[in-house]
Protein chains: 2
Amino acid sequence: MSKLVIVGTVAFDAIETPFGKTDKILGGAATYIGLSASQFNVDTAIVSVAGGDFPQEYIDLLSNKNIDLSGLEIVKEGKTFFWSGKYHNDMNSRDTLITELNTLADFNPVVPDHYKDAEIVMLGNLHPLVQQSVLNQMTKKPKLAILDTMDFWMDCALEDLHAVIKNVDVITINDEEARQLTGEYSLVVAAKKIHAMGPTYVVIKKGEHGALLFHNNEVFYAPALPLEEVFDPTGAGDTFAGGFAGYLVKTDDISFENMKKAVIYGSMLASFCVEKFGTERMQNLTSAETHKRLLEFKALTQFEIELT
Amino acid sequence: MSKLVIVGTVAFDAIETPFGKTDKILGGAATYIGLSASQFNVDTAIVSVAGGDFPQEYIDLLSNKNIDLSGLEIVKEGKTFFWSGKYHNDMNSRDTLITELNTLADFNPVVPDHYKDAEIVMLGNLHPLVQQSVLNQMTKKPKLAILDTMDFWMDCALEDLHAVIKNVDVITINDEEARQLTGEYSLVVAAKKIHAMGPTYVVIKKGEHGALLFHNNEVFYAPALPLEEVFDPTGAGDTFAGGFAGYLVKTDDISFENMKKAVIYGSMLASFCVEKFGTERMQNLTSAETHKRLLEFKALTQFEIELT
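Worth saying up front: this structure is predicted, and the values here are computed from it rather than measured.

### Some details on the interface of chain A and chain B
Accessible area lost during the coming together of the parts is what is often quoted as the interface size.
Item 1. Counting from both sides, the interface comprises 31 residues of chain A and, opposite them, 32 residues of chain B.
Item 2. If you list the elements that add at least two residues to the side of chain A that touches chain B, you get α7 (187–197), β14 (218–222), α9 (256–273) and α11 (287–301) of chain A.
Item 3. Ranked by the residues each element gives to the side of chain A that touches chain B, the list is headed by α11(A), at 7 residues.
Item 4. The class makeup of the residues in the side of chain A that touches chain B is 19 nonpolar, 5 polar and 7 charged.

What follows is the structure in structure tokens.
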């Protein structure tokens with residue numbers, strides 16, 4: 001069976017939305033990616049770092065999802081990465097209130113030996129040098145390396161970012177970041193420029209407007225499910241990426257046709273993530289619920305026009 | 001065979017985009033709707049008004065598409081409605097530079113007798129009292145009345161707008177206008193509120209992000225085709241509406257399933273409209289081209305996940 005290794009943050013998040021606010025709760029890219037991928041019951045490991053303040057309860061939560069945590073370094077005397085943000089009324093933009101890197105500042109990822117031959121590597125949003133370090137540790141070239149990033153690294157580590165982008169097969173990036181990275185407004189043109197930087201597949205995330213998957217001259221559009229209420233968008237992009245990666249690991253098929261299904265699974269899982277604060281909705285998500293929502297995605301997008 | 005009657009403007013447009021600018025060219029909601037619907041070779045009439053300055057060339061262009069112009073009043077001593085606008089770099093917003101109502105100011109629509117029993121009525125963006133007047137002239141209740149409108153009428157004729165909305169089956173409206181009309185940010189909630197105002201079907205147009213079709217608790221999402229270049233967005237919404245209405249007239253089927261196909265046809269035709277200035281691309285569009293693009297829409301959206 002194929003294996004998935006995820007590098008990314010585990011974190012405390014404190015979130016404020018028009019619907020309410022939280023104290024420090026479980027967050028982090030690797031957490032969301034891992035919880036989402038765990039829906040597929042595939043061998044998954046998280047490579048990350050936390051401080052001595054990271055509760056056993058959170059470790060148990062991830063372990064109970066069969067996520068391998070031997071690559072989660074706990075720095076006993078250190079503190080866990082902390083992020084606090086406040087969403088605006090439209091839920092599409094947010095202000096970062098606090099970022100305390102803590103143990104993340106000196107994070108030196110160590111891939112467990114039994115995951116150094118993982119078929120799929122998911123590089124969550126982190127410094128591009130950290131992402132590259134994980135790739136370097138793989139003893140076998142992964143079938144698929146997927147990279148997520150953000151504008152912050154374009155601003156302060158662009159050269160390193162370009163270096164790691166060159167080495168991955170898939171990039172997931174949001175629309176504004178794709179525009180920033182390429183200087184192109186058209187997402188079609190931006191995707192072409194990103195192809196030329198290295199990745200064979202380019203996923204552009206458009207939030208409430210869904211996601212586009214580009215591959216050479218082909219394009220596929222996975223819509224987001226229109227929701228009555230988006231309660232908390234935190235982690236939606238990572239949940240999307242985790243669903244995308246998890247489905248590809250489970251099916252062991254990285255064809256474009258199968259990637260279309262993977263972005264639908266990613267969108268489907270992200271549609272749950274935003275229904276409650278933080279990881280709450282993802283913690284107890286059942287296969288009956290995901291099955292029902294996949295049917296909704298089919299109803300949302302599938303039509304019968306016969307063409308020859 | 002079913003018939004389609006369209007009320008809306010014919011106009012001169014002067015358009016400026018980042019790609020260039022035009023002198024006065026053919027424009028107007030009824031023009032775009034009519035050209036788009038003409039792709040389906042259905043009996044179509046335009047009810048509108050123009051001045052003595054409206055060139056015979058434009059009349060011939062529409063006549064040659066088999067559009068009945070007996071409801072197009074030419075006020076010899078008057079001037080044709082003129083609009084001038086300039087698009088911003090993102091093509092999603094524009095400034096209106098000039099609006100000269102001219103003959104439109106006193107427009108009193110007269111539906112030709114042989115179209116007073118048309119099965120489908122498309123009320124293009126106009127003063128709601130003008131739209132209502134067309135409905136009042138129908139001798140037989142249409143199978144489907146479709147209304148397009150804009151924020152301008154919400155600002156200055158809201159009561160009249162509510163009155164005509166109550167009498168139609170389908171409304172097409174853009175996302176920001178849906179939010180303005182209902183005071184709701186969530187488009188799902190906005191659609192519910194608009195349902196309660198009268199229309200059984202609510203189409204929310206999201207420009208480059210596609211369109212949503214709502215019907216009771218069902219929703220369908222037609223994406224916009226991602227394009228390398230949007231040359232001129234003028235008329236895209238009307239072209240969408242014309243394709244939607246034209247397909248429904250041709251198939252004589254107003255079920256929700258068939259409306260899904262109609263929004264795909266509308267989106268497909270709109271994807272051509274924006275490729276050139278004004279109506280240029282729509283004037284010579286061939287069925288081979290539309291067939292090819294429908295295949296692109298299928299490739300863009302269709303996936304194979306087997307669920308029981």
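### Brief notes about the relation of the copies chain A and chain B
Item 1. Rotating chain A by 180° about the axis while translating it 0.0 Å along that axis superimposes it on chain B, leaving an RMSD of 0.0 Å. Within this description, the copies of the chain are treated as partners about a two-fold rotation axis.
Item 2. Here 100% of the interface residues in chain A have copies in chain B that are interface residues too; the copies meet face to matching face.

### Focus on the pairing of strand β9 (residues 120–123) of chain B
All names here are of chain B.
Item 1. Neither face of β9 is exposed, since Ile120 and Met122 on one face and Val121 and Leu123 on the opposite face are all buried.
Item 2. As defined by bridge partners, β9 adjoins strand β10 (residues 144–148) across 4 bridges and the pair is classed as parallel. Within the sheet, the bridge partner assigned to Met122 lies in β10 and is Ile146.
Item 3. Viewed along the sheet, the connection from β9 through helix α3 (residues 128–137) into β10 turns out right-handed.

### A closer look at the sheet that holds strand β14 (residues 218–222) of chain B
All names here are of chain B.
Item 1. Read from one edge to the other, the open sheet built from 9 strands follows the order β6-β5-β1-β9-β10-β11-β12-β13-β14, with strand pairing classed as mixed. Single-partner strands in this sheet number two, and they are β6 (67–75) and β14. For this sheet, the mean inter-axis angle between neighbouring strands, taken without regard to orientation, is 15°.
Item 2. Two elements, strand β11 (residues 170–174) and strand β12 (residues 201–205), share 5 bridges in a ladder whose sense is parallel. Residue Ile173 lies in a different strand from β12, and its bridge partner there is Ile204.
Item 3. Contacts from helix α2 (residues 56–63) reach β5 (43–51) and β6 within the one sheet, and its direction differs from that of β6 by about 155°.

### Overview of the packing of helix α8 (residues 236–251) of chain A against α9(A)
Axis angle and axis distance: for two packed helices, these are the angle between their axes and the distance between the axes, and together they describe the pair.
Residues and elements named next belong to chain A.
Item 1. α9 packs onto α8 with a crossing angle of 140° between their chain directions and a minimal axis gap of 7 Å. Considering the angle they form, α8 stands oblique to α9. In this structure, α8 meets α9 at a crossing whose hand is right-handed. The residues of α9 that touch α8, namely those facing Ala236, Thr239, Phe240, Ala241, Gly243, Phe244, Tyr247, Leu248 and Thr251, are Asn258, Lys261, Ala262, Val263, Tyr265, Gly266, Ser267, Met268, Leu269, Ala270 and Cys273.
Item 2. Partitioning the contact of α8 with α9 into residue classes produces 13 nonpolar, 6 polar and 1 charged.

### Comments concerning the confidence of the model for chain A
Item 1. Residues at a pLDDT of 70 or more form 100% of chain A, whose mean pLDDT is 96.
Item 2. Across the interface, the model reports ipTM at 0.92; the global pTM reads 0.94.

### With respect to the nonpolar core
Item 1. Ranked by internal contacts, the top residues of the largest apolar core, which has 188 residues, are Ile146(A) and Ile146(B).
Item 2. For Ile146(A), the contacting residues outside a window of four places in its chain are Val121(A), Met122(A), Leu123(A), Val168(A), Asp169(A), Val170(A), Thr172(A), Ala241(A) and Ala245(A).

### Topic: the pairing of strand β5 (residues 43–51) of chain A
All names here are of chain A.
Item 1. Counted residue by residue, β5 has 8 buried out of 9 residues, so it is predominantly covered.
Item 2. Strand direction decides the pairing type here: strand β1 (residues 3–7) and β5, joined by 5 bridges, are parallel. Looking across to β5, one finds that Leu4 is bridged to Thr44.
Item 3. In the sheet, β5 pairs with strand β6 (residues 67–75) via 7 bridges, with the strands oriented parallel. Directly across from Ala50, in β6, lies its bridge partner Ile74.
Item 4. Where the polypeptide runs from β5 across helix α2 (residues 56–63) and back to β6, its parallel neighbour, the crossover connection is right-handed.

Calculation rules
- Residues numbered from 1 in each chain as written.
- Chains lettered and ligands numbered in written order.
- Predicted model: local features only at pLDDT ≥ 70, side-chain atom pairs only at ≥ 80, totals over all residues.
- Contact = placed C-beta atoms within 7 Å.
- Helix = DSSP H or I, 4+ residues; strand = E, 2+ residues; numbered from the N terminus.
- Nonpolar A, V, L, I, M, F, W, Y, C, P; charged D, E, K, R; others polar.
- Least-squares fit on C-alpha atoms with pLDDT ≥ 70 in both.
- Buried ≥ 20, exposed ≤ 12 C-beta atoms within 10 Å, placed from the backbone.
- Pairing = 2+ DSSP bridges.
- Right-handed = clockwise from strand over helix to strand, strands pointing away.
- Axes fitted to C-alpha atoms, helices over the stretch in contact; angles between N-to-C directions.
- Parallel < 35°, antiparallel > 145°, perpendicular 65-115°, else oblique.
- Left-handed = near helix turned anticlockwise from the far one by under 90°.
- pLDDT = per-residue confidence, 0-100.
- Core = buried A, V, L, I, M, F, W, Y, C linked by C-beta atoms within 7 Å.

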